[in-house]
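# A look at the structure
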Amino acid sequence: MRCPLRWFWTDSVFFCLGLLLHCGEARVLTVVQAGPLYRMLGSPLSISCNVSGFANADAQQDFEFRVKKPAKPKYEINIISTKDPSFAYAIYGERVKSKEITLSHLSPTSVLFEIQSLQKDDEGEYDCTVINSEKAYDGTYSTQTTVKVIDNSLSVSSSVSMSLSRNEGDALTLTCQASSNTIQHTHLSFAWYLHKHGENDSQPIISLDRDFTLRPGQGFEGRYQAGLIRLDKMGEAMYKLKMAQLELSDQGRIYCQAQEWIQDPDRSWYSIIQKASKETTLNVKAREVVPDTSSLVVEISAAQTALQEGQRLSLSCTVDTQNQEKRFLSVAWLRGNVELARIGPTGVLSVGPDYSGRETEGELRAVRTGDRDYGLTLQPVRTEDQGEYICRAWPQDRSQDGAFTQGTPRDSSPQLISISATESGLSVEMQPFGMVMEGARLKLTCKVTEVEGQLSVTWQHKSTSTTATPFTNVISLSQEGVTEIGGSFTSRKVRATRPAADTFTLELDEVTLSDSGVYQCAVSEWKTNSKTNSQSQAATVEVTPLDELVKVYLISRDNIVTVGENVHLLCRVRGPRVPITLTWSLQRDASTVDNILTVSSNGDISWSADQQGYQLKVENRETEVIHSLHINSASHREAGRYQCSVSVFLENAFKKLPPSNQLGVMVQNPVSKLVLTSPVTLTSNINTDIEVKCSVITNTSESSRYAVTWLHQQGPENKIIVSSDRDAQVTFGTQVEQSNRKRISMRQSKGPSFELTIRQTQISDNGSYKCEVVEWLQDPRGDWYQLSPVSKLIQLKVTEPENDLRLDAKEQQQLIARKGDEVEFKCNIISGASGPPFFYKVAWLYRNSSSFTSVPLLELDHTGLLRYPENQALRDLQGRLRLSRPTQSNFCLRIQRAHEWDSGTYQCQVEQYQLNNEDQWQQKASDKAGLITLTVNVTGEHFFEQQCQSGTWIGILVPLLICSLLVVFILVLKICRSKGVGEKKSGQSLWAEHPLKTKPSVDD
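Residues numbered from 1 in each chain as written. Predicted model: local features only at pLDDT ≥ 70, side-chain atom pairs only at ≥ 80, totals over all residues. Heavy atoms only, no water.

A few words now on the state of the cysteines. Per the stated rule, a full pass over the model turns up seven disulfides. Two residues, Cys571 and Cys644, share a disulfide whose sulfurs are 2.0 Å apart. Across the S-S bond linking Cys571 and Cys644, the dihedral sits near 85 degrees, which makes this disulfide right-handed. With a gap of 73 residues between them, Cys571 in strand β45 (residues 567-574) and Cys644 in strand β51 (residues 640-650) connect regions that are remote in the sequence. For the pair Cys571 and Cys644, a shared accessibility class is recorded, and that class is buried. (Disulfide = S-S within 2.5 Å. Helix = DSSP H or I, 4+ residues; strand = E, 2+ residues; numbered from the N terminus. Buried < 20%, exposed > 50% of the residue type's maximum accessible area, 1.4 Å probe, protein only.)

What follows deals with the side chain of Thr145. When you line up the elements, Thr145 lands in strand β9 (residues 142-150). A relative accessible area of 3% places Thr145 in the buried class. A distance of 2.7 Å separates the side chain of Thr145 from the backbone oxygen of Gln33, its partner in a polar contact. Residues contacting Thr145, with those up to four places away along its chain left out, are Val32, Gln33, Ala34, Gly35, Leu37, Ile47, Gly124, Glu125 and Tyr126. (Polar contact = N/O pair within 3.5 Å; in protein donor to acceptor, adjacent residues only side chain to side chain. Contact = heavy atoms within 4.5 Å.)

Moving on: the sheet that holds strand β6 (residues 101-107). The antiparallel open sheet is built from four strands, whose spatial order is β1-β3-β7-β6. Only two strands of the sheet have a single partner each, and these edge strands are β1 (29-32) and β6. Geometrically, the sheet is characterised by an average inter-axis angle of 20 degrees between neighbouring strands, direction not taken into account. (Pairing = 2+ DSSP bridges. Axes fitted to C-alpha atoms, helices over the stretch in contact; angles between N-to-C directions.)

Quick look at the packing of aromatic side chains now. Using the criterion set out here, one finds 14 aromatic pairs in the structure. Relative to Trp844, the ring of Phe825 has its centre 6.1 Å away and its plane inclined at 35 degrees; by these criteria the two rings are tilted. Taken together, the positions of Phe825 in strand β67 (residues 823-831) and Trp844 in strand β68 (residues 838-847) put the pair 19 residues apart, joining distant regions of the chain. Here Phe825 matches Trp844 in class, with each residue buried. Directly above the ring of Trp394 sits Arg342, whose terminal nitrogen or CZ lies 4.3 Å from the centroid. Between the NZ or CZ atom of Arg726 and the centre of the ring of Trp776, over which it lies, the distance is 4.7 Å. (Phe/Tyr/Trp six-rings, centres within 6.5 Å; stacked < 30°, edge-to-face > 60°. Lys NZ or Arg CZ within 6 Å of the ring centre and 35° of its normal.)

Turning to helix α2 (residues 90-97), a few remarks are in order. Since the α-helix advances by 3.6 residues per turn, residues separated by three or four positions end up pointing in the same direction. All of the buried residues in α2 are Tyr92, Arg95 and Val96. Burial along α2 is one-sided: seen end-on, the buried residues are contained in an arc of 100 degrees. In this structure, α2 carries Ala90, Glu94 and Lys97 as exposed residues pointing more than 90 degrees from its buried face. Summarising the contacts, the buried residues of α2 are in contact with β4 (63-68), β5 (76-81), β6, β7 (110-115) and β8 (124-130). Positive phi appears at Lys99, one or two residues downstream of α2, with a value of about 70 degrees. (Arc of directions from axis to C-beta.)

What follows concerns a nonpolar patch on the surface. There is a patch of nonpolar side chains on the surface, built from Leu966, Phe969, Ile970 and Leu973 and spanning about 430 Å² of accessible area. Relative to the elements of secondary structure, Leu973 occurs in helix α7 (residues 939-980). Leu973 gets classed as partly exposed once you look at its relative accessible area, which sits at 48%. (Patch = residues over 30% accessible without salt bridge, like charges linked within 9 Å, V, L, I, M, F, W, Y side chains within 5 Å. Areas by Shrake-Rupley, 256 points an atom, 1.4 Å probe, with all protein chains shown as cover. Salt bridge = Lys/Arg side-chain N within 4 Å of Asp/Glu carboxyl O.)

Spelled out as structure tokens, the structure:
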């Protein structure tokens, strides 16, 4: 039994500790993904929301999602609920019903909110609310996150033809362009995919992650490590795939795909959009593998060793080996150390860089004419083609996985070829060219003279001026007028024309920086389908970046305004006229950039913000284009740093130019006109109610709302007593004790006036009271903002009245009564604190003639309770007592049917009481009246007393009568004298004109 008891007490202790730690903290906590979440138009949206802290952690909770749109930030729209199927408003009802919007449980306490395809109107502040399943509320049941919907500007394209055919072991090069015009900070990831025939899923060949890390796909690791597979990024938007030796397993559909990533506030990366190019079908032809065990014998021969310029050079190469028809060989022709051409083991021809242009023009050809014979022709030959030629052969061994291994080469003996020049007048002159702007059109011209036959032209290009770099064909124009575009320019807008008999032109639209370099115009002369002569001329072209030519500036004359005023922003785009896409953006804080609108090159406008607050105007001038953004009735929502960004779409990719400077727009509050009035000093007695008031006599707007805070300053401390927000919600200060909150209230009355009421004032209520008023105004967008606070100081002095309680009769009194009469004793309070907070206890004391101590006769306490103290000897007298209180300060005690034994000494005693802060009675003062001696006589004694009293009255009335007669005599004498001198002296007699009025009779 000891162990279970110990466990029980241990668990109890830990449970109590847990309760103590939890005390004061909210239990329920609802959490949603932090925002803002930037998501692409048309892409899916998912928001997770979870709750913790309910008493039953395993119980399934119900959730609700709502949204506030930017146009109406105060209006909530119901979207979906896990509890109520009819929760959605009509605007979302159909999308919820069609399952385009869903809310599903991931666990009993977490849900996932999803929108399959975002619309522009889905932007706003989303609210996740958990429905309380308990009786009491304790914690946070609702939380919000913001979603921004941005335009899809991701562009992915490939210029490769729809179908390609290659032999096993051949090289493959593919290019793809991917770019985005998003102004938010995003990363692109890129990958080449192979979708093999018969398989459901594509597999990556090689990829470039968003953190710029190259990763080969599964099954391609070995070839990547051997350098046979590469992915190169060329410039800002071009991605090039190189596969050195194709294998049979590479057959299928190849395409490129790009993903755009953005970093959410929780530092995680999210793919907002992905897009793929069109697929290119690749066919790979196989060859049979035969092992080689014999050596090679290589010979070279020429049909003619002495030639004239323009004639044909024919070179034959013979390779002898065992099992010739089953062998894999590579054969090449070289002049000196320069390779002209090579035929690979699978029969694919590759041409050296110095002769690639001539092979394209049809001047160089190499073929396999038999199992052991190979032939090379070069026409027309040039004088620089003379020299020693050799033929070189390599045995090639093929492994089981299809890869070739090159053996030891074997060379033939050299063959000397001499070429003499012929008389020809053909000359080519290319007009010099300097710079061309990026995105503009390049136009080159070359002229020919002394032409004897038909002419063909080939325009060629190389990126550098070094002789080792070969030319690549841009476009050619044959003698029959047929044009052929070079492989790397098939997707470009390029033209070759012959506007005159002696003039050839090249036009290349939307040039890029990679188009800089040397351009060559190669003209050939033909006679009877044979090329007789060739001449060329080159010129250097430099493409100037748009960054250096197009400049963007943002200016404004009124970027500091007051709420409700207009703002004009001018974005000035200077430079050459090129089709641009311009985006206005606003940065409200350090981490968030919001699109306002985007104007594309074709004039389409895409709004990303509340359109009601903005207007756009475009003005074309001679040297610039001005894009004006007009902000109507600016609010604090439009404050921030504005910027306009420009991009151009070149070569199927977006190119971002340097944005404008950032321009801060400051929206200030209007100057407050709020004026308050209040009394400077207030005085109050302790335990009375006091009302402290401050009133508005001038305000900024008639529609203003007010937030009021009352502060109490007593010494150095300044604490908040009570406050109300602009919606009149009252909150007590944290330092106000619970007992004091019952005494304090505040209200707002007409005027407006703000009244602080303190009930049962205390000495601690002394001090300065500050009435601090904040005026709230509503901006043009419906948002409330506050002006600077205005305050008034009121000095409150709480006084405690002096406790000078005194009764009127302090001297001893004698009272004689007859038996059976009613005797009345009065007790009057003539000074001391008065008012509702003060209460009195009255007690009458009695002492008979044979006693030396007084005993209480009856008591009326301060609560109104009448009590007769127990005393057997006084029971009869107590039964005949009647106590009354005619006024607040007067008490009257009556003895009915007085008896002789009622005689004695009576005394009134008064005690003053008051309730303290803890609602307890406290005695403040006390006092006693003078002694009253009562004598009650029987009937005889009463008659004798009456006679004595009559004699006394006669002694008083006789002298009074004599005095009255004397006064009347003097008045009569005075009247007689006045009549004698009436004519000599004018004036009215007071006595004659205003006689004293006699007391009215009962009849009157």
